[in-house]
Amino acid sequence: MGYIEEQYEQYQKDPSAVDPSLKEVFDEHGAPDWMKTGAAAQPNGAASATSADIEKVTSTMKLVEAIRRHGHLQANIYAVGSDERPATRLLDPDYYGLSEKDLEDIPAEWVWPNSPVKLQNALQVVRTLKERYAGTISFEFDHVNNDDERHWLQNKVDAGLFQVNLSNEEKKTLLKRLARVEGFEQFLGKTFVAQKRFSIEGLDIMVPMLDYLIHSASTDKIENIMMGMAHRGRLNVLAHVLGKPYDLIFSEFHHSADKELVPSEGSTGINYGWTGDVKYHFGAHRKVGNGEQSTTRVTLSHNPSHLEYVNPVVEGFTRAAQDDRTKPGYAEMDQDEAFGVLIHGDAAFIGEGVVAETLNMSDLPGYRTGGTIHIIANNLVGFTTNRSNGRSTRYASDLAKGFEIPVIHVNADDPVACLSAVAFSYEYRQEFHKDVLIDLVGYRRYGHNEIDEPRATQPQLYQEIDNHPTAASVYEERLIDEGVVDKGALEELKEEIDKKMKTIYDNMGEHDTDEPEVKERPGGVERPLDEIETAVSIDRLRSLNEGMLERPEGFNGFKKLEKILQRRGKMLDEDNQVDWAAAEALAFASIIEDGTPIRITGQDTERGTFAHRHMVLHDVETGETYCPLHGLEQAKASFDIHNSPLSEAGVIGFEYGYSVQAPEALVLWEAQFGDFANAGQVIFDQFIAAGRAKWDEKSNMVFLLPHGYEGQGPEHSSARLERFLQMGAENNWTVANVTSSAQYFHLLRRQAAISNQEEARPLVLMTPKSLLRNQRVAVEGKQFSEGKFQPILRQPGLTKEENKDKVKTLLLGSGKIMVDIEDTVEKAENHSFDTIDAVRIEQIYPFPEKHLKEILSEYPNLEELVWVQEEPQNMGTWYYVEGILHKMLKDGQIHRYVGRPHRASPSVGEPNIHKTEQNRIIHEALQMSKGGNSNEGN
């Protein structure tokens, strides 16, 4: 009663402030009778409502709202395993003190005004809404805070407009499709006994759902569908959605030599690298026509066993396909050029952190893709782990609710409901360009794989599955009941499909039994990059530099910053030097002038972690932003720069995907500190380092990883250089640690030059921190207008050319330690270094052996090679170069290490101890007195 009084008082002040259904009651009946001084007649002459009447109406309204909000709790969404669902009374009328008679006595329009269907009373309302919200399909969207979206969703469900209606012919076609899905799995099961295939059985409807999506996209002339999925059902999707020929799949089971791929209709290729991968990791492409000139290209991304890590990669594919990079400024995005489809495992979706990282990017300016359709392939078990041990939430999909993503739960045994779910999802994506999720609740017919025995860990569930008919059988029974097909129709279809597959298999000929060999690497992979010219004339550089110092009229820059930036105007003058940040800006400017698009992202990348870049300026009066590279008249391609969310694995995966899909672009990711790359190790290991060897997936991506020992503690000293060197093989990437701004300039331009070429490969670059502003890193302008990147540099300040016969020790090293050595040599008084010379290894992998051999030949009396590094001995470069240097030694020569000892942690945490260690390394390398003054600056 108190609630009704409160609502009526609100209604008197503002009728629109109360729920529409309550407003209608108050309009018709006025105030509740207990609030009236007398029993006045109502405007329509009806008798006054009693408090009991009002209570019944409000209770009914609560029930109606509970059905919309909580209908999923009683929905028939479990094909098997429904006994694990906790009971709820939230949808029961008696929970609200209501009987069927009470509901029959309440007019339908009181509790469901403007109902899309003609209903007489509240009982019919309750039954109708239960059909909509608590059938084999159910919905969760109360967490969506956007009113327009939530009302659109509710109106669609209330009116039943989400439902797909199939003709009898379409029903027969769907049965045939399910029969083909099932028949394919059963043929593999009996032909290749006890071989892993990660069967789709139990989630068979996934293939028709993808068919529906592709048809819808093709009809709407969407150019690209980017798909990612893990193992479950992958072979079936490859065969039936991507058109991978059956005989090619069969040959992979037989471990025979790869057959030449004769594409099936619409299939455009399946790529393999030279070392390959297991059959259920490969992706494919297919073009699907819509009966007109335009086609939709469907791409299934290659996927390692690290399940959800493909998610951001696919999002990167999608954004790259949507972006127009041909014009200056930010790339222009068309979100209807492409969309993503991600198929998740139920245990992995809630369990893998990269899922949350990817969902968080879904509405960020630099990463949004206009809505991804997510499907959880929910088979109720994570390998052998039950739901109760795999998540703290009711549903596997609950993570999505934190990002206001609508969730549709659907029973995988009801094909029409599943198609309705995917149709509804696609329509929502097209309407609002936001993510939507389908929780496809089925089961897996066998264990995690076909060798696995699930009855040891899920005996009751698998007793139910063993007795449960297949999805095709369930649908056949439904069609028999409807009179659409006769009994035995499914068996005829399966016999026909089995016969077709057997014919294909029998005609494959003798299977190879020879030991297969690893394929040869492509010529482009083998070719070195040393001869690429990257110089830019000084006049061109000056013009670009001047253009970057221009500002839009009325732009109010931060004065202190503008003063610093304007100094760059004279850097290219004679006797002046170009620092690291200016060199980068000139490299970027010249690259987009050449017509190569650039995309650079990372945490705080617009300004730069160390306040050196300032590529996005902020107006102090208005807060508006301006990128100096967007004002360049010479620019012929886009320049995208974005601050990323606080994510590594997700963002690295996204940028890698972008670089693969946009091979003509130069894509860079900058770590806030180099060791942040640790959090993206799976992407580095599975995709970036090995993607081309496994899948022939090319990337030209650049990784900027700040690295150097400056006494700042163990976390941000090391970019874990040793890990990238350990993975370096077959020219899979370039690893460099450069010590001059010109070297950085030429490396970036060299990387841009190999964009979209067979020589393309990633670049892992150790970038400076304190050295950013060190004058020893800055160099004169002619080093940009002449020459190219040098894998090895001569160390300044040591042996003169005419004294090389005196040299007995050659120091080798890379990065900051070599600059520290240069500084120490210059400051050293009364000390001769005649017997010592040094070179800087600027490109560590591939190691420039030929060049180093030429340098070694210049020292006739050389006795030792000394590798110097600031990282501990078990880290950094030493263990990588030790064997290489050993092979170069002549009789009587030795090689040794100077640096920190083996350590568990990358560095000490106390600055003064760091300085003492650093001085000891430098003094030992230069054969000066041991120890050192701990007050010296390093």
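Refer to the structure presented above.
Summary of the structure given here. (Residues numbered from 1 in each chain as written. Predicted model: local features only at pLDDT ≥ 70, side-chain atom pairs only at ≥ 80, totals over all residues. Heavy atoms only, no water.)

**What to know about the pairing of strand β16 (residues 639-643)**
- Most of β16 is tucked away, with four of its five residues classed as buried.
- Bridge count for strand β13 (residues 598-602) against β16 is five bridges, and the pairing is parallel. In the sheet register, Ile 600 faces β16, and the bridge partner there is Ile 641. (Buried < 20%, exposed > 50% of the residue type's maximum accessible area, 1.4 Å probe, protein only. Helix = DSSP H or I, 4+ residues; strand = E, 2+ residues; numbered from the N terminus. Pairing = 2+ DSSP bridges.)

**A look at the packing of helix α12 (residues 310-322) against helix α25 (residues 649-661)**
- For the pair α12 and α25, interaxial distance at closest approach is 6 Å and the crossing angle is 45°. The pairing of α12 with α25 is recorded here as oblique in orientation. Read as a crossing pair, α12 and α25 show a hand that is right-handed. Counted together, Pro 312, Val 313, Glu 315, Gly 316, Phe 317, Arg 319, Ala 320 and Ala 321 of α12 and Ala 649, Gly 650, Gly 653, Phe 654, Tyr 656, Gly 657, Tyr 658, Val 660 and Gln 661 of α25 form the full contact between these two elements. (Axes fitted to C-alpha atoms, helices over the stretch in contact; angles between N-to-C directions. Parallel < 35°, antiparallel > 145°, perpendicular 65-115°, else oblique. Left-handed = near helix turned anticlockwise from the far one by under 90°. Contact = heavy atoms within 4.5 Å.)

**Topic: the sheet that holds strand β25 (residues 843-845)**
- Here we have seven strands laid out as an open sheet, ordered β16-β13-β17-β18-β20-β19-β25, and mixed in their pairing. Each edge of the open sheet is held by one strand with a lone partner, namely β16 and β25. With direction set aside, neighbouring strand axes in the sheet form an average angle of 20°.
- Pairing of strand β17 (residues 666-670) with strand β18 (residues 702-706) involves three bridges; the strand directions are parallel. The partner of Glu 670 across the bridge, within β18, is Leu 704.

**Quick notes on empty space enclosed by the protein**
- Inspection of the entire model under this criterion finds eight cavities of 30 Å³ or more.
- Of the pockets and cavities examined, the largest cavity occupies roughly 90 Å³.
- Residue lining of the largest cavity: Met 548, Leu 549, Arg 551, Leu 565, Arg 568, Ala 585, Arg 613, His 614, Met 615 and Pro 628, and that is the complete set.
- In terms of residue class, the lining of the largest cavity is made up of six nonpolar, one polar and three charged. (1 Å grid on protein atoms, 1.4 Å probe; cavity = no way out; pocket = protein on both sides within 12 Å on 5 of 7 lines; lining within 4 Å. Points joined across faces, edges and corners; volume = space filled by probe spheres on them. Nonpolar A, V, L, I, M, F, W, Y, C, P; charged D, E, K, R; others polar.)

**Overview of helix α1 (residues 2-13)**
- Across its twelve residues, α1 extends 17 Å between first and last C-alpha, which sits within 8% of the 16 Å expected from 1.5 Å per residue.
- All of the buried residues in α1 are Ile 4, Gln 7, Tyr 8 and Tyr 11. Within α1, the buried residues cover an arc of 100° as seen down the axis, which keeps them to one side.
- On the buried face of α1, the contacting elements are α2 (20-29) and α3 (51-70). (Expected span 1.5 Å × (residues − 1). Arc of directions from axis to C-beta.)

**Brief notes about unusual backbone geometry**
- The linkage connecting Tyr 845 with the following residue, Pro 846, adopts the cis geometry, with an omega of -10°.
- Looking at the element boundaries, Pro 846 is found in the loop between β25 and α32 (849-856).
- With a phi close to 55°, Asn 731 is a non-glycine residue in the positive phi region.
- Its location among the elements puts Asn 731 in the loop between α28 (721-726) and β19 (734-737).

**Observations concerning the layout of surface pockets**
- Empty space within the largest pocket amounts to approximately 750 Å³.
- Taken together, 27 residues make up the lining of the largest pocket; nearest its centre are Asp 19, Pro 20, Glu 65, Arg 68 and Gln 154.
- Going through the elements one at a time, α2, α3, β1 (137-140) and α7 (147-158) are the ones with two or more residues in the lining of the largest pocket.
- In terms of residue count, the dominant contributor to the lining of the largest pocket is α3 (seven residues).
- Split by residue class, the lining of the largest pocket holds eleven nonpolar, seven polar and nine charged.

**Thoughts on the pattern of salt bridges**
- Within the structure shown, the criterion is met by 64 salt bridges.
- When the shortest N-O distance is used, the salt bridge between Glu 185 and Arg 197 registers 2.7 Å. Here Glu 185 is found in helix α8 (residues 168-191), whereas its partner Arg 197 is found in the loop between α8 and α9 (206-219), with twelve residues between them in sequence. The same class applies to Glu 185 and to Arg 197, which are both buried.
- Put simply, Glu 533 and Lys 788 hold a salt bridge, and the shortest N to O gap is 3.9 Å. In this pair, Glu 533 is assigned in the loop between α21 (523-526) and α22 (538-548) and Lys 788 in the loop between α30 (782-785) and β22 (792-794), connecting sequence segments 255 residues apart. (Salt bridge = Lys/Arg side-chain N within 4 Å of Asp/Glu carboxyl O.)

**A few points about the environment of Ala 79**
- Within the secondary structure, Ala 79 sits in the loop between α3 and α4 (100-105).
- Ala 79 sits in the buried class, given a relative accessible area of 13%.
- Here the alpha-carbon distance between Ala 79 and Ala 412, two residues 333 residues apart in the chain, equals 6.7 Å.
- Not counting residues up to four positions away in its chain, the partners in contact with Ala 79 are Asn 411, Asp 413, Val 441, Tyr 443, Glu 464 and His 468.

**What to know about the packing of α12 against helix α14 (residues 353-360)**
- Put simply, α12 and α14 touch, their axes get as near as 8 Å, and they point 25° apart. The angle between α12 and α14 places the two elements in the roughly parallel class. Of the residues in α14, those in contact with Asn 311, Pro 312 and Glu 315 of α12 are Val 354, Val 355 and Thr 358.

**A short note on the sheet that holds strand β27 (residues 894-900)**
- On the basis of which strands lie adjacent, the open sheet formed by five strands has the order β22-β24-β23-β26-β27 and mixed pairing. Of all strands in the sheet, those with a lone pairing partner are β22 and β27, marking the two edges. Direction aside, the axes of adjacent strands within the sheet are offset by 25° on average.
- Bridge analysis of strand β23 (residues 809-813) against strand β24 (residues 836-841) gives five bridges, and the strand direction is parallel. When the sheet's bridge partners are listed, Leu 812 is paired in β24 with Val 839.
- Where helix α33 (residues 878-888) meets the sheet, its contacts fall on β23, β26 (864-872) and β27, and the angle it forms with β27 comes to roughly 165°.

**Some thoughts on α33**
- Within α33, burial applies to Trp 878, Val 881, Ile 884, Leu 885 and Met 888. End-on, the buried residues of α33 take up no more than an arc of 135°, which puts them together on one face.
- The inward-facing, buried residues of α33 abut β23, α32, β26 and β27.

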